[in-house]
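A structural walkthrough
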Amino acid sequence: MTSTTTRVLRLLSLLQDRTYTGRELAQRLNITDRTLRQDIARLRELGYPVHAERGAVGGYRLGQGKTMPPLLLDDDEAVAVAVAIGLAEDGSTGIADIDENVARALAKLERILPIRLQRKVTALRTATEIGPAVTGSREPDAPVPAQTLATIASAIRGTRILDADTGVVEPYRLINWQRRWYLVAYDLERHCWRAIPVAGLAQVTTTSRSFAARALPDDDLVAFVLREIATAGWRVHARVTVLAPAETVIARINPTVGVVEPVDGDSCVLYTGADTLETIAIYLSMLMMDFRVDSPPELVEHIRILGRRYRAAVAP
């Protein structure tokens, strides 16, 4: 590849980012204004619509053309796109004819990724499982820095112990559920398995110590995480007696809603949780079964208020 071609590709990459003045572009590429104009002309000859805008806030920008130009990404962007496409493929989009296109796009991107980035993408994809979708969930997103995920995924792949601000752990699996990330890990200080919310980790470092894999707490680690979330992973937890057989309730609810324990042939206990009382009340109304809230008292009072509102709404 000639220096001119390299420079023109770099120019195209810059123009895909934002609008630049001529001086900014010339300084970035370390070329003269005349060379910049020649390179702009080369891009236009190749069919790329480079627009020049005059004025104090003017500059060069890449417009919309009839064909899509090569998409030039930096390292972090390429990894983010590859992982996002991979998650869409693994999580099933539910849109007709799109899954095959997603797979082809991922294959194309992976073929051109440098080896160092392929390793990072592969580590993230192989270390991650996708939890089930929950229609209408109102829980807020919990974004996680990409570097944090990459660090954890690399430790999982290399069976390296992680030193996090929540403790020293053996990392086994990343679970992505409802735009949230959880780490299945064995806590070496508490001596127990945990589903750790990754968004809560302010610091995580890979140590030089390796570990031998333990027997997992469940063959289905997604199910393990969902049980942990239901019983301990929320800000608010509730104990509800449902006046229906346990198998009926289990068939009705999503695994993320809670854990069901039978009482007798006609009733069971549902342990559930959410980030707000309002969300728990919504879950309970969707059961379409008779129930009694055992705890907490705040949820009992909230449902009493809702009951009064519902009665008033249908009063003659």
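First, a word on what this report is: a plain description of the structure on this page. (Residues numbered from 1 in each chain as written. Predicted model: local features only at pLDDT ≥ 70, side-chain atom pairs only at ≥ 80, totals over all residues. Heavy atoms only, no water.)

Details of the overall build of the protein chain
Scanning the protein chain from terminus to terminus reveals 11 helices and 12 strands. When burial is assessed residue by residue, the protein chain has 40% of its 316 residues classed as buried. Within the protein chain, contacts between residues at least 6 apart in sequence are counted, and of these 59% link residues at least 24 apart. (Helix = DSSP H or I, 4+ residues; strand = E, 2+ residues; numbered from the N terminus. Buried < 20%, exposed > 50% of the residue type's maximum accessible area, 1.4 Å probe, protein only. Contact = heavy atoms within 4.5 Å.)

Let's talk about unusual backbone geometry
Omega for the peptide link from Ser295 to Pro296 comes to 5°, which places this bond in the cis form. As for its position among the elements, Pro296 is in the loop between strand 12 (291-295) and helix 11 (297-314). The phi dihedral of Asn30 is positive, around 55°, even though this residue is not glycine. With respect to the helices and strands, Asn30 occurs in the loop between helix 2 (22-29) and helix 3 (33-45). Backbone geometry places His191, a non-glycine residue, at a positive phi of 55°. A residue is classified by how much of its surface remains accessible, and His191, at 56% relative accessible area, is exposed.

Structural notes on the sheet that holds strand 12
Hydrogen bonds along the backbone pair up the strands of a sheet, which may run parallel or antiparallel. Read from one edge to the other, the open sheet built from four strands follows the order 10-11-9-12, with strand pairing classed as antiparallel. Two strands in the sheet have a free side with no partner beyond their single neighbour: strand 10 (258-264) and strand 12. Neighbour-to-neighbour, the strand axes of this sheet turn through a mean angle of 25°, independent of strand direction. Sheet topology places strand 9 (residues 236-242) next to strand 12; four bridges connect them, and they run antiparallel. Pairing of Val240 across the sheet is with Val293, part of strand 12. Against the sheet, helix 10 (residues 277-287) touches strand 9, strand 11 (267-274) and strand 12, its axis set at about 145° to strand 11. (Pairing = 2+ DSSP bridges. Axes fitted to C-alpha atoms, helices over the stretch in contact; angles between N-to-C directions.)

Some points on helix 1 (residues 3-15)
Look at helix 1: 18 Å from first C-alpha to last across 13 residues, which is about the 18 Å you get at 1.5 Å a residue. Every buried residue of helix 1 is accounted for by Arg7, Val8, Leu11, Leu12, Leu14 and Leu15. Along the axis of helix 1, the buried positions cluster into a sector of 160°, meaning they face one direction only. Taken together, the buried residues of helix 1 touch helix 2, helix 3, strand 1 (50-53) and strand 2 (59-62). (Expected span 1.5 Å × (residues − 1). Arc of directions from axis to C-beta.)

What to know about the nonpolar core
Ranked by size, the top nonpolar core spans 29 residues in total, and within it Ile152, Leu174, Leu183 and Val198 carry the most contacts. Mapped onto this core, the elements with two or more residues apiece are helix 4 (75-91), helix 5 (98-112), helix 6 (115-126), helix 7 (146-157), strand 4 (160-164), strand 5 (167-177) and strand 6 (180-187). With five residues, helix 7 is the single largest residue contributor to this core. Setting aside its immediate chain neighbours within four residues, Ile152 contacts Leu162, Leu174, Leu183, Val198, Leu201 and Val204. Ranked by size, the runner-up nonpolar core spans 20 residues in total, among them Ala244, Ile253, Cys268 and Leu287. (Core = buried A, V, L, I, M, F, W, Y, C linked by side-chain atoms within 4.5 Å.)

A word on the packing of aromatic side chains
By the definition in use, this model includes three aromatic pairs. Relative to Phe211, the ring of Tyr172 lies with its centre 5.3 Å away and its plane at 55°, an arrangement referred to as tilted. One end of the pair, Tyr172, is in strand 5; the other, Phe211, is in the loop between strand 8 (204-210) and helix 8 (221-232), and 39 residues separate them in sequence. With respect to class, Tyr172 is no different from Phe211; both count as buried. Chaining the aromatic ring pairs together yields one cluster made of Tyr172, Tyr186, Trp193 and Phe211. The ring of Tyr20 carries Arg18 above its face, with NZ or CZ at 3.9 Å from the centroid. (Phe/Tyr/Trp six-rings, centres within 6.5 Å; stacked < 30°, edge-to-face > 60°. Lys NZ or Arg CZ within 6 Å of the ring centre and 35° of its normal.)

Let's talk about the pattern of salt bridges
Within this structure, the stated rule accounts for 12 salt bridges. Arg18 is the salt-bridge partner of Glu24, the closest N and O atoms lying 3.8 Å from each other. On the basis of relative accessible area, Arg18 is assigned to the partly exposed category, the value being 39%. For Asp294, the salt bridge goes to Arg292, with nearest N and O atoms at 3.4 Å. Owing to a relative accessible area of 30%, Asp294 belongs among the partly exposed residues under this scheme. What emerges from the salt-bridge pattern is a single network uniting Arg7, Asp39 and Arg42. (Salt bridge = Lys/Arg side-chain N within 4 Å of Asp/Glu carboxyl O.)

Description of the packing of helix 1 against helix 3
Closest axis-to-axis distance for the helix 1/helix 3 pair is 10 Å, and the angle between their directions is 80°. Taken together, the axes of helix 1 and helix 3 lie roughly perpendicular to each other. Contacts from Thr4, Arg7, Val8, Leu11, Leu12 and Leu15 of helix 1 reach helix 3 at Thr35, Leu36, Asp39, Ile40, Arg42 and Leu43. Among the residues forming the contact of helix 1 with helix 3, the class breakdown is seven nonpolar, two polar and three charged. (Parallel < 35°, antiparallel > 145°, perpendicular 65-115°, else oblique. Nonpolar A, V, L, I, M, F, W, Y, C, P; charged D, E, K, R; others polar.)

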